Amino acid sequence: MSTTTPTPTGPLVKRPSTLKAATLPRWTPAAMAAGSAAVAVGIGAAAGLESRIQWGLIAALLFITGSYVLAMTVEGTRQAKDRLATSLVWVMFLLAVVPLASLIYETVQRGIKVFDGYFLTHSMGVVADEETGGGIYHAIIGTLEQVLLASVIAVPIGLLTAVYLVEYGRGKLAKTVTFFVDVMTGIPSIVAGLFVLSFWILILEFDYSGWAGAMALAILMMPVIVRSTEEMLKLVPNELREASLALGVPKWRTILKVVLPTAIGGITTGVMLAVARIAGETAPVLLLVWVNPLINTNPFDGAQGSLPLYIYQQYAAGTQASYDRAWAAALALIGFIMILNMAARAVARWKAPKTGR
């Protein structure tokens, strides 16, 4: 873009526009990151820093500072502030991803040693914790049944509570429900286990079972489901509700056919977060399900195994064979959560309303 201005001599002279300021090349952030990493390695080696974490923190500081100074010099203050915010976001993202990636890598590296078909299809019934062999078949069955029972209890209650709070809840009752949901969100797992232990086993005198553990896990699931579902329902535009009601559709049918399908993706994510939370709980299982190295497919009768408790037991045994089994069981637990998440997202995408013509 250019402008023309008359000159004293007569002809018009074109002058370049000043609306477009100087900008850095698109590859600048990548080059800055590589240069920061190289300088950080040099500083760390020269200073005798053995921790790679320290090297990474130095590189992050150099990247943020260098990006800001370079942008300030070339592009000006406004663009420099934008690049500073962008650099901080990328650094925080890496700080969150690196521990997760390190955890997954360590689990796979150590757990793959004994993770095979035999390990998945055998129990610890005839194998001591200090010996080699054995597997997690009994623990897989117990975890699947306990999580399924907890979900059957918690998901309907959580969804209905969230629908009530968003669509119907007014006055003191809604405030009271919201208050108790907030309180339940921070309840430690051991407290939920002690509550079910005192009521179900000590007072009613029922035996240890997977069902008792599922009730405690359901208590931990419900507030997560209520909170996540409540927020997703609030994101549904009121215009959709009003359009449905204007056509004479009853409110309950509007919620069932319009509101819930619109928010199904977020609701499913919230349910999966709740499942991921309870799948790794050990305290309620230890108190209520107890320990059983044998296969028990009936969650309503007798003690059962579970993956979190199995991991704890094997690590506490203190032998190399038990350590290998603990890491392999942790790998199986991570895979279990990943499969559930992928299945839930597939169902959510299938059930979500179609936006195309």
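For the protein chain, the name recorded in an unreviewed UniProt entry is Phosphate transport system permease protein PstA, with Streptomyces venezuelae as its organism. The UniProt entry for the protein chain carries the following text under Subcellular location (unreviewed entry): "Cell membrane". In its Sequence similarities (unreviewed entry) section, the UniProt record describing the protein chain reads: "Belongs to the binding-protein-dependent transport system permease family. CysTW subfamily."

Caption draft 1: Region of interest: helix α8 (residues 210-234). Under the 1.5 Å per step criterion, the end-to-end length of α8 is 36 Å for 25 residues, consistent within 8% with the ideal 36 Å. At methionine 221, α8 shows its maximal bend, which comes to roughly 30 degrees, and the proline proline 223 appears one to four places after that position. Most of α8 is tucked away: 19 of the 25 residues are buried.

Caption draft 2: Broad picture of a nonpolar patch on the surface. Taken together, the side chains of Trp90, Phe93, Leu94, Val97 and Val98 define a hydrophobic patch exposed on the protein surface, amounting to about 490 Å² of accessible area. Looking at where phenylalanine 93 falls in the secondary structure, it is placed in helix α3 (residues 77-111).

Caption draft 3: Representation of the nonpolar core within the structure. Judged by nonpolar contacts, the single largest core of 51 residues is most densely connected at Ile136, Met221 and Leu233. Where this core is concerned, the elements lending two or more residues are α5 (137-168), α7 (189-203), α8, α10 (251-262), α11 (264-279), α13 (307-317) and α14 (320-351). Residue contributions to this core peak at 12 residues, all from α8.

Caption draft 4: Representation of the packing of α5 against α11. Running from N to C, α5 and α11 point in directions that differ by 140 degrees, and their axes come no closer than 11 Å. By the criterion of interaxial angle, the relationship of α5 to α11 is oblique. At the point where α5 passes α11, the crossing takes the right-handed sense. Residue-level inspection shows Val147, Ala150, Ser151, Val155 and Leu159 of α5 in contact with α11, the latter providing Ile267, Val271, Val275, Ile278 and Ala279. Looking at side-chain class alone, the contact of α5 with α11 contains 9 nonpolar, 1 polar and no charged residues.

Caption draft 5: Quick peek at the packing of helix α9 (residues 238-246) against α10. The N-to-C vectors of α9 and α10 enclose an angle of 145 degrees; their axes lie 10 Å apart at closest approach. Note that α9 runs across α10; the crossing there is right-handed. Residues Leu240, Arg241, Ser244 and Leu245 of α9 lie in contact with α10, whose contacting residues are Lys251, Thr254, Val258, Val259 and Thr262.

Reading the values: the criteria
Residues numbered from 1 in each chain as written. Predicted model: local features only at pLDDT ≥ 70, side-chain atom pairs only at ≥ 80, totals over all residues. Heavy atoms only, no water. UniProt positions renumbered as here; feature names shortened; annotations may be inferred. Helix = DSSP H or I, 4+ residues; strand = E, 2+ residues; numbered from the N terminus. Expected span 1.5 Å × (residues − 1). Bend = angle between axes of the 7 residues up to and from the residue. Buried < 20%, exposed > 50% of the residue type's maximum accessible area, 1.4 Å probe, protein only. Patch = residues over 30% accessible without salt bridge, like charges linked within 9 Å, V, L, I, M, F, W, Y side chains within 5 Å. Areas by Shrake-Rupley, 256 points an atom, 1.4 Å probe, with all protein chains shown as cover. Salt bridge = Lys/Arg side-chain N within 4 Å of Asp/Glu carboxyl O. Core = buried A, V, L, I, M, F, W, Y, C linked by side-chain atoms within 4.5 Å. Axes fitted to C-alpha atoms, helices over the stretch in contact; angles between N-to-C directions. Parallel < 35°, antiparallel > 145°, perpendicular 65-115°, else oblique. Left-handed = near helix turned anticlockwise from the far one by under 90°. Contact = heavy atoms within 4.5 Å. Nonpolar A, V, L, I, M, F, W, Y, C, P; charged D, E, K, R; others polar.

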